[in-house]
Amino acid sequence: MNALRRVVLALALGLNPPAAADAPEGVPEELQDVCRLRDTRPLILSNVSAQPSYFAKIHPEGSHAFYIGSGNRMLTLESNDMLTRDRPIVGSIDPVPSPDGRILAVPGLEIYWLPEVMEKGEGAELLLEDADHSGVYQSVALLRSGRRGGAADLRVYRVITDSSGEVLYRDYEVNFSGARPTARILGNAGPGHLCPGKDYKTIMISKTGRLLGAYDPTSGTSKVIDVAVPGRCREVLDLGYPTGKIEFRHDDGAIAFHVDYYDTQAGGYFSGVSSTLTKDVYVVELQKLEGAAPGAWRLHPSKVRRIFASSVKGSGGYYPSWTRDGRLVYVRDDHNHYAFEVVRPEDAPSYRFLLPPHGGTDHQPEELPKDWPKDWNEQLHRSAALGGLWSQLCSPYDAEQSAVGAMTAFLSLEAEVCRKLARSHWTPDSRLKLSEQPRYRRDPRFDPAILARLEPEELESACREDGPPPTHETKVYGQRISQNLDGPGVIHHYCVGCHVTGGNLDIGGGSLMRNPVDFSNLTQAQVMESLDRMDLWEDDQGRMPPQGFDPPIETDEGEWVDHQELATDYLNEVLAELQRDPPLPDFPGGPAR
């Protein structure tokens, strides 16, 4: 097989998503009516022609999505022009617009004028390059704007990056008063450490610069940190479970994130939804509680919304972003078909529950809202019982579910489905079986004894009333494309997440290259090592990529495409070329070619 040829992309019509998700495959007919989960109908579904890889963000007005395809790309969400709707733009990875839509940052660190990027794409000119701030996975906050020294429009942005486990930050001033903006670095020192001594992962600064979202590998949970004063980080909310990157609403009043089920990629790079898990998007509104001492405030969740519920491994949604007007945009992976979906979070019913940090059912959170019910722990267990009962009856993966994962099904139960579960299926046998599930013994926040004594009417009391369902039709743009990759595309898709330094692909041994991948500086030894590591079974043996390759993908024509086979064939062709024409050795001044 010639792995350098382009795999033909099969076009199909975009489909209008249903208002409610189907019951999982294989559910008996008599359980279909209680196994159906609510799905939030999108306002917009915009199909994407290249698989979004590792990172995606939305323009604050919600007009364009920025993502990694073969290099950075910009998708006009509400367009059907197949020639212009999806365009290449500056940079190779991580395109991030500022909260005001004025600048775009890409690793390097490079800052561009966003209106010029939207007009000229790859032809936009740099405003500023800061080679000292060379981490990846950056995010941008707008610290202040106003007048100084006669400037009509002066704005200060803070950019944070992930640099080998360190949260680095630097501030930049951009003057928009002239015909074209000018930018400068603030301060003479290099990038500072936002949270010294902390090993936070998948970091995201809020748009105001006051808060940071991060996964903490020491606790295995995601947290919100007060970073208003750099270097003095204080954790103000522990969500109690691991999530993807936390995205803050423009007013800091809510967060959005995705949650992994059945397996987890929390804290690490990922591209798409692997065959071992699903990913679902959540929104949580935040409530600030003032403490008695200055600086003792904390955050607590008030309204929790599950935007949709995937029941098939290998599918789901991730990388949620907020628009300025409070809509939510995320990537949806539907059996290897990709689209950006736009929703109103309020179209999903909300629920109020508190999941304390790890520490057991007797672990009382430090503070509770004054109006928080005294029986909040009982209410938490009713939610756990309803979600666990649904998982027990309906999910083919019930044995793989965590206590928290099983509980979240409750958030997607329609009111009548919820009541029917409680009335008809919460029997002494199901109650005993559920209370003996090992997941509730592994997680000390859940007490099997509470689950075992709950009565059907107590579960039914937890079922909320549904509001009127949305009546809008989903607007569909673009064509649904069967996502298949050629050899270079597979390498970019699976390798760039781990082998990126300052916008370059780093294969090791000092070889860096700009994306898209050309392998012009690789040695025979490096290619041979890559081929060997791709054949390993275990991650701890140094497998590459660590998570392995996705299983073969079926195209719309019924053909199968094997990503590992594509990568292997492509690297073997590269190896053959290197053996015919080996690269010259590197010299102190850099590569000879």
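This section reports on the structure supplied with the text. None of the values given here were measured: they were computed from a predicted structure.

## Digging into the state of the cysteines
Then, in step 1: Applying the stated criterion to the full structure yields 3 disulfides.
Then, in step 2: The disulfide partner of cysteine 35 is cysteine 394, and the gap between their sulfur atoms is 1.9 Å. Between cysteine 35 and cysteine 394 the disulfide shows an S-S torsion of about -80°. By sign, it is left-handed. Of the two residues, cysteine 35 sits in helix α1 (residues 32-35) while cysteine 394 sits in helix α3 (residues 376-394), which places them 359 residues apart along the sequence. Judged on exposure class, the residue cysteine 35 and its partner cysteine 394 are both buried.
Then, in step 3: Here cysteine 195 connects covalently by a disulfide to cysteine 233, the sulfurs 1.9 Å from one another. Between cysteine 195 and cysteine 233, the S-S dihedral sits near -85°, and the bridge is therefore left-handed. Of this pair, cysteine 195 sits in the loop between β17 (192-193) and β18 (201-205) while cysteine 233 sits in the loop between β20 (221-226) and β21 (234-238), and the two are 38 residues apart along the sequence.
Then, in step 4: On the basis of relative accessibility, which here comes to 1%, the residue cysteine 195 falls in the buried class.
Then, in step 5: Sequential numbering of the bridged cysteines in the protein chain gives the disulfide pattern 1-4, 2-3, 5-6.

## Some thoughts on the packing of aromatic side chains
Then, in step 1: Summed over all chains, the structure comprises 12 aromatic pairs.
Then, in step 2: Between phenylalanine 257 and tyrosine 282, the ring centres sit 6.1 Å apart and the planes meet at 10°, which makes this aromatic pair stacked. Taken together, the residues phenylalanine 257 in strand β23 (residues 254-261) and tyrosine 282 in strand β24 (residues 278-289) connect sequence positions 25 residues apart.
Then, in step 3: Assessed through its relative accessible area of 0%, phenylalanine 257 is described here as buried.
Then, in step 4: Joined through ring pairs, the aromatic side chains of Phe55, Tyr137, Tyr318 and Tyr319 make up one cluster.
Then, in step 5: Above the face of the tryptophan 322 ring, arginine 249 is positioned so that its terminal group lies 5.9 Å from the ring centre.

## Notes on the nonpolar core
Then, in step 1: Ranked by size, the top nonpolar core spans 57 residues in total, and within it Phe257 and Phe446 carry the most contacts.
Then, in step 2: A per-element tally of this core places α3 first, with 7 residues.
Then, in step 3: Residue contacts for phenylalanine 257: discarding those within four places in its chain leaves Leu239, Tyr241, Thr243, Gly244, Lys245, Ile246, Asp280, Val281, Tyr282, Val284 and Pro320.
Then, in step 4: If you look at the next biggest cluster of nonpolar residues, it comprises 40 residues, including Ala50, Ala56, Ala65 and Val174.

## Some thoughts on the sheet that holds β21
Then, in step 1: The strand order across the open sheet formed by 4 strands is β18-β19-β20-β21, and the pairing between neighbours is antiparallel. Each edge of the sheet is formed by a strand with only one pairing partner; in this case those strands are β18 and β21. Neighbour-to-neighbour, the strand axes of the sheet open up by a mean angle of 25°, direction not taken into account.
Then, in step 2: Inspection of the sheet shows β18 paired to strand β19 (residues 211-216) by 3 bridges, in the antiparallel sense. Bridged to methionine 204 within β19 is glycine 213.

The rules behind each value
- Residues numbered from 1 in each chain as written.
- Predicted model: local features only at pLDDT ≥ 70, side-chain atom pairs only at ≥ 80, totals over all residues.
- Heavy atoms only, no water.
- Disulfide = S-S within 2.5 Å.
- Helix = DSSP H or I, 4+ residues; strand = E, 2+ residues; numbered from the N terminus.
- Buried < 20%, exposed > 50% of the residue type's maximum accessible area, 1.4 Å probe, protein only.
- Phe/Tyr/Trp six-rings, centres within 6.5 Å; stacked < 30°, edge-to-face > 60°.
- Lys NZ or Arg CZ within 6 Å of the ring centre and 35° of its normal.
- Core = buried A, V, L, I, M, F, W, Y, C linked by side-chain atoms within 4.5 Å.
- Contact = heavy atoms within 4.5 Å.
- Pairing = 2+ DSSP bridges.
- Axes fitted to C-alpha atoms, helices over the stretch in contact; angles between N-to-C directions.

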